[in-house]
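Structural overview for review
Chain by chain, the residues:
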Amino acid sequence: MASQKSRAETKPAGVRLRMGGVNDTTPSRRRRSLPVRIADRWWAALAGVLAAAVGLGAAELAAALAGQAATAPILALGSAGIDVTPQGLKAWAIRTFGDNDKAVLLASLGAGATVVAALAGLLARRHRTAGVCAVAGLGVVAAAAAVGRPQTDGWAAVPSLVGALAGAAALILLLRAMSPRGAGPSPDANDAAPAGPDRRVLLAGAGTLAVAASTGGLGRVITARRNVSAARRGVRLPPPTGPGPAVPAGAQVRVPGMPPFTTPNGAFYRVDTALVLPQVDPADWTLRIGGMVDRPVELTFEELLRRPLIDREVTLTCVSNEVGGPYVGHARWLGVPLAVLLREAGVRAGADQLLSRSADGWTCGTPLSVVLDGRDALLAVGMNGVPLPIAHGFPARLVVPGLYGYVSATKWVVDLQVTRYADQAAYWTRRGWATDAPVKTMARIDLPRPLQRLRAGRVAVAGVAWAQHRGVDAVEVRVDGGPWHPARLATVPGIDTWRQWVWEWNATPGTHRLEARATDATGRTQISERVPPFPSGATGRPSVVVTVT
Ligand SMILES: Nc1nc2c(c(=O)[nH]1)N[C@H]1C(S)=C(S)[C@@H](COP(=O)(O)O)O[C@H]1N2
Ligand SMILES: [Mo]
């Protein structure tokens with residue numbers, strides 16, 4: 001009460017005609033004060049949230065003007081969160097939320113920030129400075145998160161700091177606008193004036209909201225205009241001078257419901273740490289090749305397209321893919337052999353790692369021996385006949401057959417360092433994942449689907465199997481732990497792709513478990529022991545339970 005009263009009394013005269021004044025302390029005023037104070041609390045919390053919204057809007061605009069959308073507070077916090085999230089939690093998030101994991105992360109962050117902002121508003125009722133500092137603190141934390149990200153400098157803090165100042169200023173103004181309310185409505189019980197917020201508070205709130213929405217919206221518009229979709233549409237890919245084998249007609253198992261051999265770009269799985277897709281304009285793009293080389297190379301996109309290009313069929317797999325999981329896809333990639341570029345640069349003796357870096361600072365370590373062993377390791381610009389989609393690395397990415405994506409498939413690649421594993425570690429290897437990660441031999445059952453109900457009789461059991469750069473030589477299927485039956489293998493363009501398979505089952509009534517296993521061309525059958533993806537890829541046999549009637 002005391003603070004409310006003194007605030008009311010320090011207001012300049014004439015601002016409000018119905019200030020509480022000394023009457024505040026009368027018993028009738030005190031009885032009436034309860035609902036008013038509760039309303040006050042809500043308003044104070046709302047002021048905190050509105051102030052934080054102003055801060056976010058200002059930061060969004062600042063980040064957009066700087067052309068650094070990813071340094072805006074929520075994204076900076078989210079990205080830093082991804083960087084520091086313990087491995088187990090990350091795996092759980094991917095398992096639980098799948099492709100929505102990033103949306104869930106951002107929504108939780110937004111909810112958390114809203115709660116903190118509301119608390120800051122409440123705090124400001126009693127301790128104005130502390131509340132204002134708390135709102136500004138949100139921005140400072142975001143600034144620290146932005147600076148802590150790989151490949152950033154001190155400037156990354158600026159948008160969040162701008163947001164901190166704007167948020168603090170907004171809270172001060174809002175509190176000022178609200179202070180007359182501290183006195184509550186007229187002490188005159190017969191006064192018919194509405195007990196709700198007065199106009200001044202409403203106006204201040206609405207004004208603040210408008211400022212937050214317009215700055216944030218403007219930021220979004222500016223960021224959207226930096227989108228490189230138009231630049232991508234303008235790219236004309238030359239035809240390959242060295243086309244690889246085409247996908248043979250027999251590569252597709254003709255059973256309804258089978259996934260296509262070539263995954264359409266729009267359906268291709270996406271895995272990366274980027275909360276906002278890096279927008280890399282091919283006009284600005286250069287690739288630097290340096291480190292332990294005799295002649296560092298710098299390449300523009302135009303120069304890259306003028307080089308002899310090859311295209312190849314390569315299946316990509318994510319190490320996070322669980323047995324039976326969806327993080328695998330197949331495409332035809334167009335690009336320049338990495339070995340050609342590296343030989344031009346002249347790899348020095350003693351180097352064993354190709355450390356690639358993306359425009360957003362993600363890094364990836366690939367064994368040099370693998371890149372140079374004659375396989376079709378590519379600096380790719382095309383995917384299934386079109387420029388790389390932005391989500392898949394436009395304008396250029398790496399594709400190395402036989403290795404999981406996290407050690408081979410850098411999207412938005414801008415830098416290649418020839419180095420040593422002993423000297424530099426890549427993003428995921430620093431987080432405990434294996435240094436060297438060849439794709440493990442794996443079969444997947446696509447049909448029938450888990451828990452599907454089937455009619456007794458002939459049932460096509462079908463799926464894909466992969467053992468990139470070794471090739472799949474056999475797939476076998478068994479029912480209820482019985483004998484293994486060889487599946488029919490479809491044809492393939494080469495050893496770097498997955499392979500479809502089908503086995504005709506004479507299904508009998510009952511509940512049955514179907515299992516599959518693949519054997520690669522080195523004669524090794526896939527590992528039966530079930531292990532999770534961390535740290536070098538899942539093993540175990542896929543299985544599906546179905547009911548036959
Ligand atoms: N810049 C960047 N490139 C990246 C990643 C990433 O997080 N950032 N993730 C890698 C991982 S783990 C995989 S599995 C593949 C996935 O490629 P895709 O999204 O095109 O399917 O990209 C790789 N390239
Ligand atoms: Mo991955």
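Anything mentioned here points back to the structure above.
Rules and cut-offs
- Residue numbers restart at each chain and count upward from 1, following the sequence in its written direction.
- Here chains are named by letter from A upward and ligands by number from 1 upward, in the order in which they appear as written.
- Residue-level local features of this predicted model are given only where pLDDT is at least 70; pairs of side-chain atoms are given and counted only at 80 or more, and the full residue set underlies all totals for whole chains, interfaces and linings.
- Hydrogens are left out, water is left out, and the side-chain values use all remaining heavy atoms of the structure.
- Only DSSP runs of H or I reaching four residues or more are called helices, and only runs of E reaching two or more are called strands; each is numbered from the N terminus.
- By the convention used here, residues are in contact when the closest approach between their heavy atoms is within 4.5 Å.
- Lines fitted to C-alpha atoms define the axes, with helix axes restricted to the stretch in contact, and inter-axis angles between N-to-C directions lie between 0 and 180 degrees.
- Here the word oblique covers every angle except those under 35 degrees (roughly parallel), over 145 (roughly antiparallel) and from 65 to 115 (roughly perpendicular).
- Left-handed describes a crossing in which the near helix is turned anticlockwise from the far one by less than a right angle; the clockwise case is right-handed.
- For two strands to count as paired, DSSP must find a minimum of two bridges between them.
- For this analysis, a salt bridge means a side-chain nitrogen from Lys or Arg found within 4 Å of a carboxyl oxygen belonging to Asp or Glu.
- Accessibility here uses a 1.4 Å probe with only protein chains present; expressed as a share of the type maximum, an area under 20% marks a residue as buried, one over 50% as exposed, and anything in between as partly exposed.
- Candidates for patches are residues over 30% relative accessible area with no salt bridge; among them, like charges are joined within 9 Å and nonpolar side chains (Val, Leu, Ile, Met, Phe, Trp, Tyr) within 5 Å.
- Note on areas: Shrake-Rupley, 1.4 Å probe, and residue coverage restricted to the protein chains presented here.
- One less than the number of residues in a helix, times 1.5 Å, gives the span that helix is expected to have.
- Given a residue, its bend is the angle between the two axes fitted to the seven residues that end at it and to the seven that start from it.
- In this classification, Asp, Glu, Lys and Arg are treated as charged, Ala, Val, Leu, Ile, Met, Phe, Trp, Tyr, Cys and Pro as nonpolar, and every other residue, Gly included, as polar.

**Quick word on the environment of Val418**
Relative to the helices and strands, Val418 resides in strand E11 (residues 413-419). Through-space distance from the C-alpha of Val418 to that of Gly365 is 9.8 Å; in sequence the pair is 53 residues apart. With near-sequence residues (within four places) excluded, Val418 lies in contact with Gly290, Gly291, Met292, Val293, Leu342, Val347, Ala351, Gln353, Leu354 and Leu368.

**So, the packing of helix H3 (residues 73-84) against helix H6 (residues 128-148)**
A pair of packed helices is characterised by two quantities: the angle between their axes and the separation of those axes. The contact between H3 and H6 brings their axes to 8 Å, and the two run at 55°. By the angle between their directions, the pair H3 and H6 is classed as oblique. Classified by chirality, the crossing of H6 by H3 is left-handed. Counted together, Pro73, Ala76, Leu77 and Ala80 of H3 and Val141, Ala142, Ala145 and Ala146 of H6 form the full contact between these two elements.

**So, the sheet that holds strand E13 (residues 453-454)**
With mixed pairing, the five strands of this open sheet are ordered in space as E13-E20-E19-E15-E16. Both edges of this open sheet fall to E13 and strand E16 (485-486), since each of them pairs with a single strand only. Strand direction decides the pairing type here: strand E19 (residues 510-520) and strand E20 (residues 543-548), joined by six bridges, are antiparallel. Across the sheet, the residue bridging to Thr511 is Thr547, located in E20.

**Overview of the pattern of salt bridges**
On inspection of all chains with the given rule, the structure shows 19 salt bridges. For Asp373, the salt bridge goes to Arg375, with nearest N and O atoms at 2.9 Å. Assessed through its relative accessible area of 41%, Asp373 is described here as partly exposed. We classify Arg375 as buried; its relative accessible area is 16%. In this structure, Arg541 and Glu515 form a salt bridge, with 3.8 Å as the shortest nitrogen-oxygen distance. Of the two residues, Arg541 sits in the loop between E19 and E20 while Glu515 sits in strand E19, which places them 26 residues apart along the sequence. When sorted by exposure, Arg541 lands in the same class as Glu515, which is buried. Overlapping salt bridges bring together Lys102, Arg270, Asp272 and Lys411 as one network.

**Considering a nonpolar patch on the surface**
A contiguous nonpolar surface patch, about 310 Å² in accessible area, is contributed by Trp155, Val158 and Val162. Among the secondary structure elements, Trp155 is positioned in the loop between H6 and helix H7 (158-178). Judged by relative accessible area, which is 68%, Trp155 ranks as exposed.

**Remarks on H6**
Look at H6: 30 Å from first C-alpha to last across 21 residues, which is about the 30 Å you get at 1.5 Å a residue. Along its length, H6 reaches its greatest deviation from straightness, about 25°, at Ala136. Every buried residue of H6 is listed here: Gly131, Val132, Val135, Ala136, Gly139, Ala142, Ala143, Ala145 and Ala146.

**Details of the sheet that holds strand E18 (residues 499-507)**
The strand order E12-E14-E18-E17 describes an open sheet built from four strands, whose pairing is antiparallel. The strands lining the two open edges of the sheet, one partner per strand, are strand E12 (442-447) and strand E17 (488-489). The pairing of strand E14 (residues 457-466) with E18 spans nine bridges and is antiparallel. Its bridge partner being in E18, Gly457 is matched across the sheet by Ala507.

**Thoughts on the packing of H7 against helix H8 (residues 199-225)**
Running from N to C, H7 and H8 cross one another at 165°; their axes reach a closest spacing of 8 Å. In terms of axis orientation, H7 runs roughly antiparallel to H8. H7 and H8 meet at a crossing whose hand is left-handed. In this structure, H7 uses Ala170, Leu174, Arg176, Ala177 and Met178 to contact H8, whose residues at the interface are Arg200, Val201, Ala204, Gly205 and Thr208. Its residues assigned to classes, the contact of H7 with H8 comprises six nonpolar, two polar and two charged.

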